[in-house]
Amino acid sequence: MEAQKTKKLYVGGNWKSNGDLKFAKEHIENLINKLDFSPDKMEVMISPIFIHLPLAKEITKPNVIVAAQNVSPFPKGAYTGEITAEQLKDLGLRCAIVGHSERRSHFQESDELVAEKIVQAQKEGLDVVLCIGEKLEEREAGETNSICKRELEAVLAKKVDWSKIVIAYEPIWAIGTGKVATPEQAQEVHNFIRNWVKENVGADEAEKIRIIYGGSVDDKNCANLIKMKDIDGFLVGGASLKPAFTTIVKICNEIAKT
Ligand code: PGA
């Protein structure tokens with residue numbers, strides 16, 4: 001039986017470190033601005049690289065959220081190379097992705113640093129998409145839930161506003177590998193995460209928070225995933241750069257609450 005969706009779905013496109021200015025412009029004009037969805041039923045987000053954000057913000061239709069892929073854990077000042085939440089807000093943005101596994105692994109971002117980024121983002125009123133998830137060897141060792149719990153606990157320690165957070169469960173073994181989690185595997189972890197929010201933050205917050213899945217989502221596998229009770233949308237990498245993104249948004253729009 002299909003789960004009845006009770007909250008607005010959320011579909012984000014994480015463009016990662018891809019594309020040049022020409023691609024960004026054309027992709028927004030030819031595909032993103034033509035997406036057909038009801039903003040009452042779902043939110044759609046795109047996240048290009050930092051230097052493409054001003055253009056993206058300018059030309060993307062206002063029904064699509066333009067988000068940064070990262071944000072500084074510090075306020076403005078002597079932090080060479082960093083871009084602050086205040087500077088993102090100044091550009092008219094209202095969202096940033098934090099804690100993506102590629103940032104945690106390639107740039108040694110700790111749980112604590114990720115939590116600090118959320119604090120800085122929320123000080124400026126930005127929403128965040130918080131990415132969590134386990135490596136293959138951690139899943140095989142039965143540590144999936146404890147890894148997610150550890151990553152969430154670091155955020156809990158900072159006393160953040162959970163109503164401004166979308167949690168993206170992204171098993172690292174599924175990212176960019178073509179090995180998508182099965183709907184049952186994803187549902188099991190999403191359910192664990194929602195229960196964790198219920199026990200540690202509150203029942204109301206647990207009910208309302210969007211927990212989205214990421215990791216090799218495409219136009220073929222998204223329909224079965226979105227049917228699962230605790231899957232409230234997707235964070236899409238590779239497929240968000242392709243026409244498949246249109247299909248993913250369309251399928252989510254069809255199942256979203258009316
Ligand atoms: P993928 O990436 O869809 O290419 O697996 C997802 C992500 O990293 O957010």
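Before reading on, note that the structure itself is shown above.
Residues numbered from 1 in each chain as written. Predicted model: local features only at pLDDT ≥ 70, side-chain atom pairs only at ≥ 80, totals over all residues. Heavy atoms only, no water.

Under the counting rule described, the total for this entry stands at four aromatic pairs. With centroids separated by 4.1 Å and ring planes inclined at 5 degrees, the aromatic side chains of Phe-74 and Tyr-79 adopt a geometry described as stacked. Relative accessible area serves as the criterion here: at 35%, Phe-74 is assigned to the partly exposed category. Look at Trp-162 and Trp-196: their rings are 5.7 Å apart centre to centre, the planes differ by 55 degrees, and that puts the pair in the tilted class. Taken together, the residues Trp-162 in the loop between helix H7 (144-156) and strand S6 (165-169) and Trp-196 in helix H8 (residues 183-200) connect sequence positions 34 residues apart. A single burial state applies to Trp-162 and to Trp-196, both of which are buried. Directly above the ring of Phe-107 sits Arg-103, whose terminal nitrogen or CZ lies 4.1 Å from the centroid. (Phe/Tyr/Trp six-rings, centres within 6.5 Å; stacked < 30°, edge-to-face > 60°. Buried < 20%, exposed > 50% of the residue type's maximum accessible area, 1.4 Å probe, protein only. Helix = DSSP H or I, 4+ residues; strand = E, 2+ residues; numbered from the N terminus. Lys NZ or Arg CZ within 6 Å of the ring centre and 35° of its normal.)

This part takes up the site of the ligand. If you check the shell around the ligand, you find 13 residues, and the closest are Lys-16, His-100, Glu-170, Gly-176 and Ser-216. Between His-100 and the ligand, the recorded distance is 2.6 Å, taken from a side-chain N or O atom to an oxygen atom. Contact distances for the ligand include 2.8 Å between an oxygen atom and a backbone N or O atom of Gly-237. A per-class count over the shell around the ligand returns four nonpolar, seven polar and two charged. (Near = heavy atom within 4 Å. Polar contact = N/O pair within 3.5 Å; in protein donor to acceptor, adjacent residues only side chain to side chain. Nonpolar A, V, L, I, M, F, W, Y, C, P; charged D, E, K, R; others polar.)

Running from N to C, helix H5 (residues 111-123) and H7 point in directions that differ by 45 degrees, and their axes come no closer than 8 Å. The angle between the axes of H5 and H7 places the two elements in the oblique class. Considering the relative orientation of H5 and H7, their crossing is right-handed. On H7, the residues touching Asp-111, Glu-112, Ala-115 and Ile-118 of H5 are Arg-150, Glu-151, Ala-154 and Val-155. (Axes fitted to C-alpha atoms, helices over the stretch in contact; angles between N-to-C directions. Parallel < 35°, antiparallel > 145°, perpendicular 65-115°, else oblique. Left-handed = near helix turned anticlockwise from the far one by under 90°. Contact = heavy atoms within 4.5 Å.)

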